[in-house]
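Residues per chain, in single letters:
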Amino acid sequence: MIKMRNKIILASIIGIGIFFRLLRIPELTGESSLLFIDPDSYYHLRRIVYETLKYPSILHFDWYSGFPKGIFYNTPPLFDLIVSTFSYVIGLGKPSVYLIERVSALSPMIFGVFTLPVVYSFSKKVLNIKVGLLSALFLSIVPAHVYYSSFGYVDHHSAEVFFSTLLFLLVLISINTQ
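Below you will find a few notes about this structure. Only a predicted model underlies this, so the values are computations on that prediction, with no experimental measurement involved.

This part covers the nonpolar core. Grouped together as the largest cluster of nonpolar side chains are 19 residues, with contacts concentrated most on F36, I48, F79 and F111. Going through the elements one at a time, helix 3 (39-53), helix 4 (78-90), helix 5 (97-126) and helix 8 (157-177) are the ones with two or more residues in this core. Per-element accounting of this core gives the leading share, five residues, to helix 5. Other than its neighbours up to four places away in sequence, F111 contacts F79, I82, S158, A159, F162 and F163.

What follows is the structure, given as structure tokens:
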């Protein structure tokens, strides 16, 4: 009974996290257009659109950035490649720019929400279930995490938090199993 109650509480916390991350949809979506929160979002969107339409090619040099000479990208392409892969799969190999934009706008939110159960599991293993639930609740409402993982903020920060937290959890699990 207690385990079921904790699952319901965790599901509610995840629901709260989804709610806060989707609050910006009305101000960012129009009838046919989609706005993004930050200039970096447009930078990542350009890479994602290019990589999806020319999948699995990665954009290493861009004439648009650093015009008129262009620049070589020095940022790792993992986030953009993950989002472009999902766009490619959802679009069944022929995704439209409209679909790519929607998947890109949702991707930071998905990473942010997926971080909540990881934080819960990590905190539960380190301390206890109550701390795990409180940690997940805190992360679901803390403004910095909500901002960087909200709808329309297409940037790699939410993926960094997700993968680093997942790495900590996996290291903890591997240490405890030995």
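Along the chain, the position of S123 falls in helix 5. Engagement of the side chain of S123 in a polar contact is seen with the side chain of S135, the distance being 3.1 Å. Setting aside chain neighbours within four positions, we find S123 in contact with N128, V131, G132 and S135.

By the definition in use, this model includes 12 aromatic pairs. When the ring of F19 is compared with that of F20, the centres are 5.4 Å apart and the planes differ by 65°; the resulting orientation is edge-to-face. A centroid spacing of 5.2 Å and a plane angle of 80° characterise the contact between Y148 and Y153, whose relative ring orientation is edge-to-face. The partly exposed category is assigned to Y148, whose relative accessible area is 37%. The buried category is assigned to Y153, whose relative accessible area is 4%. A cation over a ring is seen here: R102 above Y98, with NZ or CZ 3.9 Å from the ring centre.

With that settled, consider the environment of Y50. By secondary structure assignment, the location of Y50 is in helix 3. Measuring from C-alpha to C-alpha, the distance between Y50 and L137 comes to 37 Å, with 87 residues separating the pair along the chain. Contact partners of Y50, with chain neighbours within four places excluded, come to S57, I58 and L59.

Okay, a positive patch on the surface next. Together, K3, K7, K124 and K125 make up a region of like positive charge exposed at the surface. Every element with two or more residues in the positive patch is listed here: helix 1 (2-21) and helix 5. By secondary structure assignment, the location of K3 is in helix 1. On the basis of relative accessible area, K3 is assigned to the exposed category, the value being 70%.

Where helix 5 contacts helix 6 (residues 129-141), the axes come no closer than 7 Å and their chain directions differ by 150°. Between helix 5 and helix 6, the angle falls in the class roughly antiparallel. Every pair of crossing elements has a handedness; the one defined by helix 5 and helix 6 is right-handed. Contacts from T115, L116, V119, Y120, S123 and K124 of helix 5 reach helix 6 at I129, V131, G132, L133, S135, A136, L139 and S140. Residue composition of the contact of helix 5 with helix 6, grouped by class: eight nonpolar, five polar and one charged.

Turning our eyes to something else, we now look at unusual backbone geometry. Residue P56 is bonded to the preceding Y55 through a cis peptide linkage, with omega at 5°. Position of P56 among the secondary structure elements: in the loop between helix 3 and strand 1 (61-62). A positive phi angle, near 55°, is found at L92, a position not held by glycine. Classification of L92 as exposed rests on a relative accessible area of 77%.

Glancing now at the environment of L53. Structurally, the position occupied by L53 is in helix 3. In this structure the C-alpha to C-alpha distance between L53 and G93, which are 40 residues apart in sequence, comes to 8.8 Å. Not counting the four nearest positions on each side in its chain, L53 is found in contact with P95, V97 and I100.

What counts, and at which threshold
- Residues numbered from 1 in each chain as written.
- Predicted model: local features only at pLDDT ≥ 70, side-chain atom pairs only at ≥ 80, totals over all residues.
- Heavy atoms only, no water.
- Core = buried A, V, L, I, M, F, W, Y, C linked by side-chain atoms within 4.5 Å.
- Buried < 20%, exposed > 50% of the residue type's maximum accessible area, 1.4 Å probe, protein only.
- Helix = DSSP H or I, 4+ residues; strand = E, 2+ residues; numbered from the N terminus.
- Contact = heavy atoms within 4.5 Å.
- Polar contact = N/O pair within 3.5 Å; in protein donor to acceptor, adjacent residues only side chain to side chain.
- Phe/Tyr/Trp six-rings, centres within 6.5 Å; stacked < 30°, edge-to-face > 60°.
- Lys NZ or Arg CZ within 6 Å of the ring centre and 35° of its normal.
- Patch = residues over 30% accessible without salt bridge, like charges linked within 9 Å, V, L, I, M, F, W, Y side chains within 5 Å.
- Areas by Shrake-Rupley, 256 points an atom, 1.4 Å probe, with all protein chains shown as cover.
- Salt bridge = Lys/Arg side-chain N within 4 Å of Asp/Glu carboxyl O.
- Lys, Arg positive; Asp, Glu negative; His and termini not counted.
- Charge placed at Lys NZ, Arg CZ, Asp CG, Glu CD.
- Axes fitted to C-alpha atoms, helices over the stretch in contact; angles between N-to-C directions.
- Parallel < 35°, antiparallel > 145°, perpendicular 65-115°, else oblique.
- Left-handed = near helix turned anticlockwise from the far one by under 90°.
- Nonpolar A, V, L, I, M, F, W, Y, C, P; charged D, E, K, R; others polar.

All we've got here are geometric facts, nothing functional implied.
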